[in-house]
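Structural characterization, general
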Amino acid sequence: MGVRAAVLAIDAGNSKTDVAFVGADGSVLATARGGGFQPPAVGVEAAFDALGSTVDEALARARDRGEPVDEVGHVSACLANADLPVEEEELTAALRGRGWGGTAEVRNDTFAILRAGVDEPRGVAVVCGAGINCVGMLPDGRTARFPAIGTISGDWGGGGGLAEEALWFAARAEDGRGEPTALRTALPAHFGLDSMYALIEALHRGRIPLTRKHELTPVLFATSAAGDPVARSLVERMADEVVAMSTVALARLQLLDEEVPVLLGGSVLAARHPELEDRIRALLAVRAPKAVVDVVTAAPVLGAALLGLDRVGATAGARARLRTYYA
């Protein structure tokens with residue numbers, strides 16, 4: 001005889017997917033990890049097919065332990081590329097069509113990071129990984145969010161954006177169009193090259209894959225820490241963007257003057273670069289003085305699972321048991 005999972009939690013980013021079947025008491029029945037979720041590249045159905053393989057792997061693990069999951073109450077999926085509400089609705093419809101649970105809901109994956117870092121669904125999170133995004137939520141269901149799809153929606157920064165800016169300033173420093181910066185030598189040196197021209201050529205002609213540009217973001221931070229003014233200006237602007245997004249989200253939820261978590265997540269913010277984090281904290285101390293700033297390191301699938309337990313009305317004890325599993 002099988003067991004019933006209250007929640008199937010899914011956290012699916014561009015590069016990896018985590019799933020977890022969770023009982024009503026907060027116990028984790030089975031987990032699995034798979035590849036990324038990229039409907040813009042492969043199509044919605046193919047992306048869900050790949051997601052289904054990861055779900056099947058978790059189910060197989062549960063069967064191997066002698067506790068097969070034969071029923072799921074709710075599917076809580078926090079997905080990359082669900083940037084707009086209309087996309088969340090479309091992906092929710094596709095998810096429901098898979099029949100993995102009695103009910104299903106899709107949210108942008110930034111909500112998973114926020115929920116993973118708070119005891120109740122109340123607060124704001126800024127995620128700075130390849131790109132940048134910010135969401136806020138309240139227990140009554142109200143949210144604050146941004147399209148967060150790049151330059152056309154007013155975004156700046158993230159790991160990818162910072163690498164692009166660093167390359168721009170370094171190239172102009174070498175050819176004379178821009179001001180001097182140590183990025184001019186630091187960026188090509190990372191790849192064992194002696195000039196920006198050599199790096200530009202290598203990137204353009206594919207000898208260095210464009211996907212490796214993200215490696216330059218830590219170089220930018222190291223150059224800033226060494227005192228380079230141009231690099232420092234980019235780090236400061238990144239902090240300014242984080243604070244701008246978070247304070248707008250707080251204002252929309254009428255939380256600017258309340259004690260509320262402001263959580264920082266994603267690879268750039270989780271690296272805890274002192275210059276970046278110190279400036280964020282200093283600016284928020286002025287603009288949202290009661291905000292409690294923290295860095296989220298918990299697994300995002302925990303947040304997806306907690307959102308699911310919220311939805312099914314699980315007890316505080318169940319949520320605590322789940323957190324203990326992922327601690």
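Our subject is the structure listed above.
Residues numbered from 1 in each chain as written. Predicted model: local features only at pLDDT ≥ 70, side-chain atom pairs only at ≥ 80, totals over all residues. Heavy atoms only, no water.

1. Things to note about unusual backbone geometry
Most peptide bonds are trans, and most residues other than glycine sit at a negative phi. With phi around 70°, Asn81 is a residue other than glycine that occupies positive phi space. Residue placement: Asn81 occurs in the loop between β4 (69-79) and α3 (85-98). Even without a glycine there, the phi angle at Arg272 is positive, about 55°. By the element assignment, Arg272 lies in the loop between α10 (267-270) and α11 (274-287). (Helix = DSSP H or I, 4+ residues; strand = E, 2+ residues; numbered from the N terminus.)

2. Regarding the layout of surface pockets
Considered as a void within the structure, the largest pocket measures approximately 1500 Å³ in volume. Around the largest pocket, the lining comprises 48 residues; the ones closest to its centre are Asn14, Val127, Gly129, Ala130 and Gly131. Mapped onto the lining of the largest pocket, the elements with two or more residues apiece are β2 (16-22), α4 (110-116), β7 (132-137), α5 (158-175), α8 (216-225) and α10. Looking at which element gives the most residues to the lining of the largest pocket, the answer is α5, with four residues. (1 Å grid on protein atoms, 1.4 Å probe; cavity = no way out; pocket = protein on both sides within 12 Å on 5 of 7 lines; lining within 4 Å. Points joined across faces, edges and corners; volume = space filled by probe spheres on them.)

3. Looking at the side chain of Asp228
Position of Asp228 relative to the elements: it lies in the loop between α8 and α9 (229-252). One buried charged residue, Asp228, remains without a salt bridge, the closest side chain of opposite sign being Arg232 at 8.8 Å. At 2.9 Å, the side chain of Asp228 and the backbone nitrogen of Ala182 are in polar contact. The contact partners of Asp228, leaving out residues within four places of it in the chain, are Thr181, Ala182, Leu183 and Thr223. (Buried < 20%, exposed > 50% of the residue type's maximum accessible area, 1.4 Å probe, protein only. Lys, Arg positive; Asp, Glu negative; His and termini not counted. Salt bridge = Lys/Arg side-chain N within 4 Å of Asp/Glu carboxyl O. Polar contact = N/O pair within 3.5 Å; in protein donor to acceptor, adjacent residues only side chain to side chain. Contact = heavy atoms within 4.5 Å.)

4. Quick notes on the sheet that holds β4
Within the open sheet, the five strands sit side by side as β3-β2-β1-β4-β5. Their pairing is mixed. The two strands at the open ends of the sheet, each matched to only one other strand, are β3 (28-35) and β5 (103-108). The mean angle between the axes of side-by-side strands here comes to 20°, regardless of whether they run parallel or antiparallel. Its contacts with the sheet place helix α12 (residues 300-312) against β1 (3-12), β2, β4 and β5, and it is angled at close to 135° to β1. Where helix α13 (residues 316-326) meets the sheet, it contacts β2 and β3, and its direction lies at approximately 50° from that of β3. (Pairing = 2+ DSSP bridges. Axes fitted to C-alpha atoms, helices over the stretch in contact; angles between N-to-C directions.)

5. Some details on the pairing of β3
Bridging between β2 and β3 involves seven bridges; their strand directions are antiparallel. Looking at β3, one finds that Ala20 is bridged to Thr31. Hairpin geometry of β2 and β3 is characterised by an intervening segment of five residues between the two adjacent antiparallel strands and by a positive phi of about 90° at Gly26.

6. What about the packing of α5 against α9?
Two numbers describe how α5 lies on α9: the axes approach to 11 Å, and their chain directions differ by 155°. As summarised for this structure, α5 and α9 are arranged roughly antiparallel, according to the angle between their axes. For the crossing formed where α5 meets α9, the hand is right-handed. Here Gly158, Leu162, Glu165, Ala166 and Phe169 of α5 come into contact with α9, specifically with Val230, Leu234 and Met238. Of the residues contributing to the contact of α5 with α9, the split by class is six nonpolar, one polar and one charged. (Parallel < 35°, antiparallel > 145°, perpendicular 65-115°, else oblique. Left-handed = near helix turned anticlockwise from the far one by under 90°. Nonpolar A, V, L, I, M, F, W, Y, C, P; charged D, E, K, R; others polar.)

7. Some words on the sheet that holds strand β10 (residues 291-295)
With respect to topology, five strands assemble into an open sheet ordered β8-β7-β6-β9-β10, the strand pairing being mixed. Lying at the two open borders of the sheet, with one neighbouring strand each, are β8 (143-145) and β10. Adjacent strand axes in the sheet meet at a mean angle of 15°, parallel and antiparallel pairs treated alike. Against the sheet, α11 contacts β9 (260-265) and β10, and its axis sits at roughly 165° relative to β10.

8. Observations regarding the packing of α5 against α8
Between two packed helices, the angle of one axis relative to the other and the distance separating the axes together describe the packing. With their axes 8 Å apart at the nearest point, α5 and α8 run at an angle of 65° to one another. Note that α5 runs across α8; the crossing there is left-handed. Contacts from Gly159, Leu162, Ala163, Ala166 and Leu167 of α5 reach α8 at Leu216, Thr217, Leu220 and Phe221.

9. Here we look at the state of the cysteines
Counted by the stated rule, this structure contains zero disulfides. Not part of a disulfide, Cys78 finds its nearest cysteine sulfur in Cys134, a span of 15 Å. Cys134 carries a free sulfur, and the closest cysteine sulfur to it, the one in Cys128, is 11 Å from it. Note on Cys134: relative accessible area 0%, which makes it buried. (Disulfide = S-S within 2.5 Å.)

10. Here we look at the pattern of salt bridges
Counted under the stated rule, the structure contains 22 salt bridges. The partner of Asp310 in a salt bridge is Arg115, and the shortest N-O contact between them spans 2.8 Å. One end of the pair, Asp310, is in helix α12; the other, Arg115, is in helix α4, and 195 residues separate them in sequence. On the basis of relative accessibility, which here comes to 26%, the residue Asp310 falls in the partly exposed class. Under the relative-accessibility criterion, Arg115 is labelled buried at 1%. Each of Lys16, Asp18 and Arg33 takes part in salt bridges that share partners, so that together they form one network.

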